[in-house]
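What follows is each chain in one-letter form.
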Amino acid sequence: IYNYDTYIPSTDQPIKLAVYGVINPNVDPANPVTDNIKVSTGPQGSLYYYDDNSAAGTLTVLTPPGWVPFTNCTSSSLSSRLEGDYTFNITPSINIPKTSSQGALLVDFPSQFVVPNKDLTCTTTNIAYSLSLSCTIFRNRVTITGQPKDYVGNLVFTVAGVDNPIDEVSTDFLFVRTYDGINKKVVQRSFKNLDPFTFSFTYPGPLIIVNDEEDIYVNRGTQTQDIYVSLDYPSQLNLTLKPTSSGLTILPYTLQIYVGDLTTTFRVSVPMNIPDGLYTITWATIGDTIPPLYTPVRKTQVHVTKLTGLPIYMDPFNTIPFGGWSLPFVLRLDNGPDIGLTVIVNFQTTYNGLALSSRRVEFNAGEVSKNFSVNSSTNITGAFVTGGNIILSLDGVNKDIYTLPTTSVPFTTSSNDTTKPEIINVLKLNTTKTTASIFIKVSEPCLIYYMNALSGTETPTFQEVKSRGPPKLNTTRSMYGNALVDANFKVTLNLTKLVAQTEYSLFLYLEDRGYITNSFIYNFTTSDRSAAADFSLRFLQSTLTPVERKIAREAVAFVLALQADQVVEKKYNIQTSNTRLLQDITALTRATTVLSLQIVENPYSDVYPSPRQVALILNNRTSQLSARLSTLDTSIQVTAADFVAYKPSFPNSPYINDVGNNWVEIAGQLDNYGWMFSVAGLGSLNHL
């Protein structure tokens, strides 16, 4: 036994150990006393002892218990993470002692159950046994008392409010025992070969998973980086997760999951004065249906440590050119502070022509990266220094747990920087429908400012990009950012919140240590949208009203976690393939209606499979869909086909049909279903 704090020997505070789950030995009934139990103390892993007691006590082993017939065991719920009421039917042939004689019923739940130690509710329909039972659980053993007199014979009793297993599992065996507390003897018990009662549990609905169901580790005085909460499939509901934990700060206090979301994040922040040890986060799901659609969120274990000397990382200082600057000197943390950390920055002495951008670098709660720089002026009297040192020290609430790799950072200077920074290579590493990773290699350390916008956007000025907007037009979907390129001359930009199958222009401005700039434009296209999907549902009624059709579309959208406008009724029967869908079925034996639908992809999301695959998910969610559509024919499997894209054309050129003072009417004809768009542009202004 180890991992405990220092113990000072004291007769007033003896060490008390409770060891559970030990199987008592088999002994000769003629000599039921065991050998002595030995107890010793000493350094871990050593063969030498500080103290040793070779005769700490013996155990007198009683004869094994007899068999209590265990006829039946049922549960009110076989859903993981919910509570169940367990009913037992036993027939003891030897008296169960009354409570005043320390008699009891014992029920042992297998290790797959993780039931907290608490009071439970126990009842029996056998009034001859008891009118009121008391019931507690400790280390998965339920102790039931309250019988006023000895009892023998058939007994049915229920243990209510037992926490079912956390995971989808098949359990080991449950055991029932009758107990004589005065003699510390199990009188009768069930056996797994004679009473093989086990249960198989399944999740009641989709899972919401916190941190991949792994424990969280955080040092006191710090805040974790983002911890992910994820779903196996995009959310069908707008949900709120409310975490609670004694002593820990959970940020944000409530987590929002909206329809279509696959992930959200939170952080755990731990004050400096909290004791180290194991903490638990309990989750409540708000906004679920009744009965709940989602499986309750598993409790999250948080291990709080009390380490000191957490590192602050820094790279070598860039050379400072005369009249230029150092570029940002970055300080990084693995985990940001719980409240705040300050790095105090000073020159070792006064350096002619040099100035610090800041003398206090503030890490606010949770921040993991901050920077400062050194600027060089050309307006100096006397010689320009060749180098020096910057002195660093720590301050702030959480300063005691962090450490600097050095308190003195050397720097050097150089003559004017007159070389323009150049783009050596730009490469699209990866694109999805809504993201892109762009690799950039440059000729020297510099700061890259960028704006990503729809292709065709007017080239922005350097000042607009550096100041992060605002853009000239909000319709360009302009997004701004910057990235530091260090001594390896390489950086990767990760662009998000893009639109599928869309052309973009990435406007790059490079600024080096001499304030010299250069620009570059890189064009790329996001991944294509998936084709829409055609599928059908059959209903056991002769017609569907417009309201019923709308309800059907909304039900499909809900079950598939889609936005309502992504499920539309098919308006046109465009024959582009020989795929047979449900409407091809003609041999119907009863009055039915076929509703032809389409699923359209959301171009702003990357979390769904293709619309055809999404439609096929309905086959696994028939019960959900039929609960909302009572006349749905559940005997028919949903089949789906990709919509085959086509390009309508004009048999004849469109023409101006009519003109007014401030309008024009364009007429035209298409050879297939589609839309015709027209734009009127301002022409010559000579008439003004």
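Scroll up to find the structure this text is about.
Read on for a plain summary of the structure. (Residues numbered from 1 in each chain as written. Predicted model: local features only at pLDDT ≥ 70, side-chain atom pairs only at ≥ 80, totals over all residues. Heavy atoms only, no water.)

**Remarks on the pairing of strand β6 (residues 103-108)**
Thinking step 1. The buried fraction of β6 is high, at 6 of 6 residues.
Thinking step 2. Every second residue of β6 is oriented toward a common face, with Gly103, Leu105 and Val107 on one face and Ala104, Leu106 and Asp108 on the other, all of them buried.
Thinking step 3. Note: β6 against strand β12 (residues 175-180), 6 bridges, orientation antiparallel. Across the sheet, the residue bridging to valine 107 is valine 176, located in β12. (Buried < 20%, exposed > 50% of the residue type's maximum accessible area, 1.4 Å probe, protein only. Helix = DSSP H or I, 4+ residues; strand = E, 2+ residues; numbered from the N terminus. Pairing = 2+ DSSP bridges.)

**What to know about the sheet that holds strand β4 (residues 70-75)**
Thinking step 1. Spatially, the 4 strands line up as an open sheet ordered β4-β5-β11-β8, and their pairing is antiparallel. Only two strands of the sheet have a single partner each, and these edge strands are β4 and β8 (121-124). In this sheet, adjacent strand axes meet at a mean angle of 15 degrees when their direction is disregarded.
Thinking step 2. By the bridge criterion, 7 bridges tie strand β5 (residues 83-90) to strand β11 (residues 155-163) in an arrangement that is antiparallel. Following the sheet pairing, isoleucine 90 is matched in β11 by leucine 155. (Axes fitted to C-alpha atoms, helices over the stretch in contact; angles between N-to-C directions.)

**A look at the state of the cysteines**
Thinking step 1. A full pass over the atoms with the stated rule returns 1 disulfide.
Thinking step 2. Paired through a disulfide, cysteine 122 and cysteine 135 show a sulfur-sulfur distance of 2.0 Å. Separated by 13 residues along the polypeptide, cysteine 122 in strand β8 and cysteine 135 in strand β9 (residues 134-138) bring together distant segments of the chain.
Thinking step 3. Owing to a relative accessible area of 4%, cysteine 135 belongs among the buried residues under this scheme.
Thinking step 4. No disulfide involves cysteine 73; its sulfur sits 12 Å from that of cysteine 122, the nearest cysteine.
Thinking step 5. A relative accessible area of 7% means that cysteine 73 is categorised as buried. (Disulfide = S-S within 2.5 Å.)

**Describing the packing of aromatic side chains**
Thinking step 1. Across all of its chains, the model carries 28 aromatic pairs by this definition.
Thinking step 2. Centroid distance tyrosine 449 to phenylalanine 462: 5.8 Å. Interplanar angle 80 degrees. Geometry classified as edge-to-face. With tyrosine 449 in strand β38 (residues 446-454) and phenylalanine 462 in helix α1 (residues 462-466), this residue pair connects regions lying 13 residues apart in the sequence.
Thinking step 3. The class for tyrosine 449 is buried, based on a relative accessible area of 7%.
Thinking step 4. The interplanar angle of 20 degrees and the centroid separation of 5.7 Å between the aromatic rings of tyrosine 504 and phenylalanine 524 together place this pair among those described as stacked. Residue tyrosine 504 is located in strand β41 (residues 503-511), and its partner phenylalanine 524 is located in strand β42 (residues 517-525); the two are separated by 20 residues in the primary sequence. Per residue, the accessibility class of tyrosine 504 equals that of phenylalanine 524, and both read buried.
Thinking step 5. Site record: aromatic cluster; members linked through ring pairs are Phe70, Tyr86, Phe88, Phe109, Phe113, Phe157, Phe197, Phe199 and Phe201.
Thinking step 6. Of note, arginine 189 hangs over the ring of phenylalanine 175, and the distance from its end group to the ring centre comes to 5.2 Å.
Thinking step 7. The ring of phenylalanine 191 is capped by arginine 189, whose NZ or CZ atom sits 4.4 Å from the centre of that ring. (Phe/Tyr/Trp six-rings, centres within 6.5 Å; stacked < 30°, edge-to-face > 60°. Lys NZ or Arg CZ within 6 Å of the ring centre and 35° of its normal.)

**A closer look at the environment of lysine 420**
Thinking step 1. Relative to the elements of secondary structure, lysine 420 occurs in the loop between β35 (408-414) and β36 (423-431).
Thinking step 2. Discounting chain neighbours no more than four positions away, the residues touching lysine 420 are Ser443, Glu444, Ile516, Thr517 and Asn518. (Contact = heavy atoms within 4.5 Å.)

**Description of the nonpolar core**
Soluble globular proteins tend to bury their nonpolar side chains together.
Thinking step 1. The biggest cluster of nonpolar side chains holds 54 residues, and the ones touching the most others in it are Leu248, Phe266, Val268, Phe535 and Leu537.
Thinking step 2. With 6 residues, the top contributor of residues to this core is helix α2 (residues 546-559).
Thinking step 3. Discounting chain neighbours no more than four positions away, the residues touching leucine 248 are Val268, Ser269, Val270, Ile274, Tyr279, Ile281, Val302 and Val304.
Thinking step 4. Counting residues in hydrophobic clusters, the runner-up holds 30 residues, among them Phe88, Val107, Phe199 and Phe201. (Core = buried A, V, L, I, M, F, W, Y, C linked by side-chain atoms within 4.5 Å.)

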